[in-house]
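Working through the structure, step by step
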Number of protein chains: 2
Amino acid sequence: MAQNEPALLNIDIWTDWSYIEVMASGRPQEFDSNKVIWAAMDTFWSNGFDGTSMQQLLKSTGLSKSSLYQTFGGKQELFIRCLEEYTLAMKEKLLTQLSLSKSGIGFIREVLLSAAEEAKASSIPKGCLIMNTATEFAQSNAAVSRAVNKGIEAFRTVFLTALKKARSAKEIDADADLDQLSSYVVSSMSGIKSMVKGGVDEKAVRSIVDIVMRSLS
Amino acid sequence: MAQNEPALLNIDIWTDWSYIEVMASGRPQEFDSNKVIWAAMDTFWSNGFDGTSMQQLLKSTGLSKSSLYQTFGGKQELFIRCLEEYTLAMKEKLLTQLSLSKSGIGFIREVLLSAAEEAKASSIPKGCLIMNTATEFAQSNAAVSRAVNKGIEAFRTVFLTALKKARSAKEIDADADLDQLSSYVVSSMSGIKSMVKGGVDEKAVRSIVDIVMRSLS
DNA sequence: TTAAATATGGACCGAATGGTCCAATATAGA
DNA sequence: TCTATATTGGACCATTCGGTCCATATTTAA
């Protein structure tokens, strides 16, 4: 892929009727749209967009080809739905985790260290779907770029919230520019994850996290 | 792609005879192997491994299919040659740049800021071939991982040299752990480049660079 | 001039690609 | 029960994929 996008409207409202709850009669859907999206997301997450074939997608979702095309429109449309769902779910999960954590700084450290866990694990590191996609597509496809941007902004928002919490608790400098710092944390997160994908070991990852954390406070 | 590697020795000495200078008679090669590698590298760099087709490769290199297969073995072998050449060339270029620069810290800042240039440019950002590949393949292919690791180590070496120079010039703390810092710089570089690919604007990139630089001294 | 060695272009390969289409099936409401 | 509406599985599509192979062209050394 990584070519220019086709010259058509990419508003999947027109092809994906799952937004509308029942409305008309007929045979009901036999699958859970959300589970399908998560299954597809996991496949894209591990293999990238180009690296994922329709066959893999059909296998992991359990759908038939026509169901997938009818419901989601196509590979790219499904992919973008996955990016959106990923963004939404991650943001929610992280904000919950943040609200449960005592310290804003501690929360950020936890999140960064979760990358180190991937380095320790024997399985192949998946990284972050949003940043993987940024790397794969760069700015070659407008619809994808839009979804990636929203993802990055979501992460930035989460970290900004954490930094504000940290400032309130006087964990960080009172007059630090939190907007800039939040971008820095996203960037650092992305860098660390790519190092893990590159094979850097857990110890090295932890020392990078330490340096990042030191630069916050 | 992104599957497991085939169970065969990947020592391209056996398939690529361009190492041997002439030795036997016969029709001489009509193309410059190095130029071919650079043309292929540029294509892989822009589109990734999966995103690059043989057709594109033949077009960008100007080779015929048989010449390419005869000379390099195949798509993956050529790709790995590109990774190696990229590593070598980048290391050399950066070390030269470093030796010409007055300050180790200044050099690192220059390199990080070069990512900001990509954000400013209207063309699609290519990022770093090594980190792009790390992201695309993760640890799914041993031969590729080996090449990626060598690349990361090369970058680390460059930055380590710069940091030592900075320490000699008392630009940074005398008892900083330069090994750790060099990994941190590579990670930061990678993070910044992925932010650029994700569409973050130049100003934001520059502020991230500032924070990274501040954490060094 | 001849033989050996190499380069080259293109035909050809099977498999897989993303995508379309339709007949059969199943369900809900009238 | 009948009809309208959806879902579903699979046949089918042209195209492209990476890769092999061979006949031909070209060059060097003997």
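Preceding this paragraph is the structure being described.
The text that follows walks through the structure, step by step, so that each part is easy to find. Residue indices begin from 1 for each chain and proceed along its sequence in written order. Labels follow written order: the first chain is A, the first ligand is 1, and so on. Residues qualify for local features only when their pLDDT is at least 70, as the model is predicted, and side-chain atom pairs are given and counted only at 80 or more; totals for whole chains, interfaces and linings, by contrast, use all residues. As a convention, hydrogens and water are excluded, and side-chain values are obtained from all of the structure's heavy atoms.

1. A look at the interface of chain B and chain A
- Contacts are residue-level and defined by heavy atoms, with any inter-residue pair within 4.5 Å sufficient. Each partner contributes residues to the interface: chain B has 40 residues there, and chain A has 40 residues.
- Two parts placed together each lose some accessible area under a 1.4 Å probe, and adding up what both lose gives the buried area. For the pair chain B and chain A, the summed buried area comes to about 3300 Å², and 64% of that belongs to carbon and sulfur atoms.
- Definition used for salt bridges: Asp or Glu carboxyl oxygen within 4 Å of a side-chain nitrogen of Lys or Arg. Counting every contact that joins chain B to chain A gives 0 salt bridges.
- Only runs of H or I of at least four residues qualify as helices and only runs of E of at least two qualify as strands under DSSP, and these elements are numbered from the N terminus. Contributing elements (two or more residues each) for the side of chain B that touches chain A: α6 (129–137), α7 (142–168), α8 (178–197) and α9 (202–216) of chain B.
- Classification convention: Asp, Glu, Lys, Arg as charged; Ala, Val, Leu, Ile, Met, Phe, Trp, Tyr, Cys, Pro as nonpolar; all other residues, Gly among them, as polar. Looking at the side of chain B that touches chain A, its residues break down into 19 nonpolar, 19 polar and 2 charged.

2. Some remarks on the packing of α7(B) against α8(B)
Residues and elements named next belong to chain B.
- Two numbers describe how α7 lies on α8: the axes approach to 8 Å, and their chain directions differ by 125°. It follows that α7 is oblique to α8 by the angle criterion. Here the hand of the crossing between α7 and α8 comes out right-handed. On the side of α7, the interface is formed by I152, F155, R156, F159, L160, L163, K164 and R167, while α8 contributes L178, D179, L181, S182, S183, V185 and V186.
- A class-by-class count of the residues in the contact of α7 with α8 yields 9 nonpolar, 2 polar and 4 charged. Here the axes come from fitting lines to C-alpha atoms, over the contacting stretch only for helices, and the angles between their N-to-C directions go from 0 to 180 degrees. Roughly parallel refers to an angle under 35 degrees, roughly antiparallel to one over 145, roughly perpendicular to one between 65 and 115, and oblique to any angle outside these ranges. Whether a crossing is left-handed or right-handed is set by the direction in which the near helix is turned from the far one by less than a right angle, anticlockwise for left-handed and clockwise for right-handed.

3. Remarks on the pattern of salt bridges
All names here are of chain A.
- Summed over all chains, the structure comprises 14 salt bridges over all chains.
- Here R109 makes a salt bridge to D210, at a shortest N to O gap of 3.7 Å. In this pair, R109 is assigned in helix α5 (residues 104–120) and D210 in helix α9 (residues 202–216), connecting sequence segments 101 residues apart.
- Between R156 and E153 there is a salt bridge, with its nearest N and O atoms 3.3 Å apart. Note that R156 and E153 are positioned in helix α7 (residues 142–168) at a spacing of 3 residues, about one turn of the helix.
- Owing to a relative accessible area of 17%, R156 belongs among the buried residues under this scheme.
- Burial classes follow relative accessibility: with a 1.4 Å probe on protein chains only, a residue under 20% of its type's maximum area counts as buried, one over 50% as exposed, and anything between as partly exposed. Accessibility expressed as a relative area gives 39% for E153, which makes it partly exposed.
- Overlapping salt bridges, with partners in common, bring together E117, K120, E202 and R206 in one network.

4. A few points about the nonpolar core
- Nonpolar core, defined: a set of buried Ala, Val, Leu, Ile, Met, Phe, Trp, Tyr and Cys residues in which side-chain atoms within 4.5 Å join the residues together. Grouped together as the largest cluster of nonpolar side chains are 131 residues, with contacts concentrated most on A:I108 and B:I108.
- Those residues in contact with B:I108 that sit more than four places away from it in its chain are B:F159, B:A162, B:L163, B:V185, B:M213 and B:L216.

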